Amino acid sequence: MSTGDRDMAERLWELAADRAMVGLSDDEGLELQRLEVEGFEEALDEAELAAALGHESLIDETELQPMPAALAGRIRLAAPFAMPAPRGAGSREADDRGWWPWLVAAAAVLALIGSIAFREEERPTPRAPSLEARLASLEREAADLVRAEWRTVRDGYPAVSGRAVFSPGRQDGFMVLEGLPRNDPGRSQYQLWIVDPARDREPVDGGVFDVDREGRVVVPIRAKLRVVDPRAFVITSEQPGGVVVSEGPHLVLAAR
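What counts and how
In this convention, every chain numbers its residues from 1, walking through the sequence in written order. In view of the model being predicted, local features appear only for residues whose pLDDT reaches at least 70, and side-chain atom pairs are presented and counted only at 80 or more, with totals across whole chains, interfaces and linings using the full set of residues. The basis for the side-chain values is all heavy atoms of the structure; hydrogens and waters are excluded. Relative accessible area decides the class of each residue, using a 1.4 Å probe on protein chains only: under 20% of the type maximum gives buried, over 50% gives exposed, and in between gives partly exposed. Counting from the N terminus, the helices are the DSSP runs of H or I reaching at least four residues and the strands are the DSSP runs of E reaching at least two. The arc in question is formed by the directions pointing from the helix axis toward the C-beta atoms. Here, residues are in contact when the closest pair of their heavy atoms is within 4.5 Å. We define a polar contact as two N or O atoms separated by no more than 3.5 Å, with the added condition that, inside protein, one atom must be a possible hydrogen donor and the other a possible acceptor, whereas residues neighbouring each other in sequence contribute only through side-chain atom pairs. A carboxyl oxygen of Asp or Glu within 4 Å of a side-chain nitrogen of Lys or Arg is what we treat as a salt bridge. Across the chain, each position has a pLDDT score giving the predictor's confidence in that residue, from 0 to 100. Any two of the Phe, Tyr and Trp rings considered here, Trp counted by its six-membered ring, make a pair once their centres fall within 6.5 Å; the pair's planes then place it as stacked at under 30 degrees, edge-to-face at over 60, or tilted in between. For two strands to count as paired, DSSP must find a minimum of two bridges between them. Here an axis means a line fitted to C-alpha atoms, over the contact stretch when the element is a helix, while the angle between two N-to-C directions is reported on a 0 to 180 degree scale.

### Here's the deal with helix 5 (residues 131-141)
Then step 1. Looking only at helix 5, the buried set comprises L135, S137 and L138. For helix 5, the angular spread of the buried residues around the axis is 165°, confining them to a single face.
Then step 2. Looking at the packing, one finds that the buried side of helix 5 touches strand 2 (161-167), strand 3 (172-178) and strand 6 (216-220).

This is the structure:
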């Protein structure tokens, strides 16, 4: 094997190993494809077939010379099932064509592993439904849905519109709010309270939330206790993290 072919073979093995273990950049992927096109594709296919079927006879062992121990160790760590143990050290003057088939076989196995892993990574991760989609689904499917419209109850406070929807059966709900001013989470947070006379005289904590933009926002309701018969939804402004019992004032109200 010429020096150029040996360098190309070593680069092929290096790229195949990197693709199997850490992945390749776009440039490295193109380089690996170029090496395959320049004469190594057929060798890779034959070696891959030999590795997959376990047909060691596809490689003529009469032509094999011992692979350098350091190289064999690196390949064995990357693909232990594909490499036999070294049979002994060879002469430094021996023609290195003897270990070329093992190099190609290892590169083919690593390339195969890498391509499988790459295909796994390419599979798109399913996206969680957006809040708007979850809201639409709840309003469309929940037979016991409670719905109430927001109205401002504090003098001088901006007009707020929208609705609160909640399903007691699913214990799931959302607030749709438009016109609620943005808050500074470091100074205060909005907190929802759910009035449920069937459960208790005290309202149920529906969770704290922030408004970080003007216009329409959709906020999930996170009731801390089970809600049986929600009659009203109230929003207050509280200290960061919320409170156990609110002292008001009420900002907006949505009542059935």
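### Digging into the side chain of D205
Then step 1. For D205, the position within the fold is in strand 5 (residues 204-209).
Then step 2. For D205, the side chain forms a polar contact with the side chain of Q191, separated by 3.1 Å.
Then step 3. There is a polar contact of 2.8 Å between the side chain of D205 and the backbone nitrogen of G207.
Then step 4. For D205, the contacting residues outside a window of four places in its chain are Q191, L192, W193, R222, A223, K224 and V243.

### What to know about the pattern of salt bridges
Then step 1. What the rule picks out here adds up to 11 salt bridges.
Then step 2. One salt bridge in this structure joins R182 and E214, with 3.8 Å as the shortest N-O distance. Linking R182 in the loop between strand 3 and strand 4 (189-195) with E214 in the loop between strand 5 and strand 6, this pair joins segments that are 32 residues apart in sequence. The same class applies to R182 as to E214, namely exposed.
Then step 3. Three or more residues joined by partner-sharing salt bridges are found here, namely E139, R147, E149 and R163.

### What to know about the environment of A142
Then step 1. Turning to its location among the elements, A142 is positioned in the loop between helix 5 and strand 1 (146-152).
Then step 2. Residues A142 and F166, spaced 24 residues apart in sequence, show a C-alpha to C-alpha distance of 8.9 Å.
Then step 3. Once residues lying within four places of it in the same chain are set aside, the contact partners of A142 are S137, S167 and R170.

### Some details on the confidence of the model for the chain
Close reading of the predicted structure is inappropriate where its pLDDT is low.
Then step 1. Per-residue confidence for the chain averages 77 on the pLDDT scale, and 62% of its residues sit at or above 70.
Then step 2. Within the model, pLDDT remains below 50 along residues 52-64, and this stretch shows 12 contacts once partners closer than five positions in the same chain are excluded.
Then step 3. Contacts for the low-pLDDT stretch residues 92-97, under 50 throughout, to residues beyond four places or in other chains number five contacts.

### A few points about the packing of aromatic side chains
Any pair of aromatic rings gets described here by the distance separating the centres and the angle formed by the planes.
Then step 1. As enumerated under the stated definition, the model contains one aromatic pair in all.
Then step 2. An angle of 25° between the planes, with centres 5.6 Å apart, marks the rings of Y190 and F209 as stacked. Placement of the pair is Y190 in strand 4 and F209 in strand 5, with a sequence separation of 19 residues. As far as burial versus exposure is concerned, Y190 and F209 are alike and both buried.

### Structural notes on the pairing of strand 1
Then step 1. Of the strand pairs in this sheet, strand 1 and strand 2 are connected by four bridges, and their pairing is antiparallel. In the sheet register, R147 faces strand 2, and the bridge partner there is V165.
Then step 2. Across three bridges, strand 1 lies against strand 8 (residues 250-255) in antiparallel orientation. Residue pairing in the sheet places T152 in a bridge with V252 of strand 8.

### Things to note about the environment of P181
Then step 1. Tracing the sequence through the fold places P181 in the loop between strand 3 and strand 4.
Then step 2. Apart from the residues lying within four places of it in its own chain, the contact partners of P181 are Y157, P158, Y190 and V211.

### Considerations on the sheet that holds strand 3
Then step 1. The eight strands lie next to each other as 5-4-7-8-1-2-3-6, forming an open sheet whose pairing is antiparallel. Only two strands of the sheet have a single partner each, and these edge strands are strand 5 and strand 6. The sheet shows a mean angle of 20° between the axes of neighbouring strands, taken without regard to direction.
Then step 2. With five bridges joining them, strand 7 (residues 232-238) and strand 8 adopt antiparallel strand pairing. Bridge pairing links F233 to A254 in strand 8.
Then step 3. Of the strands in this sheet, strand 1, strand 2, strand 3 and strand 6 are in contact with helix 5, which crosses strand 3 at around 120°.

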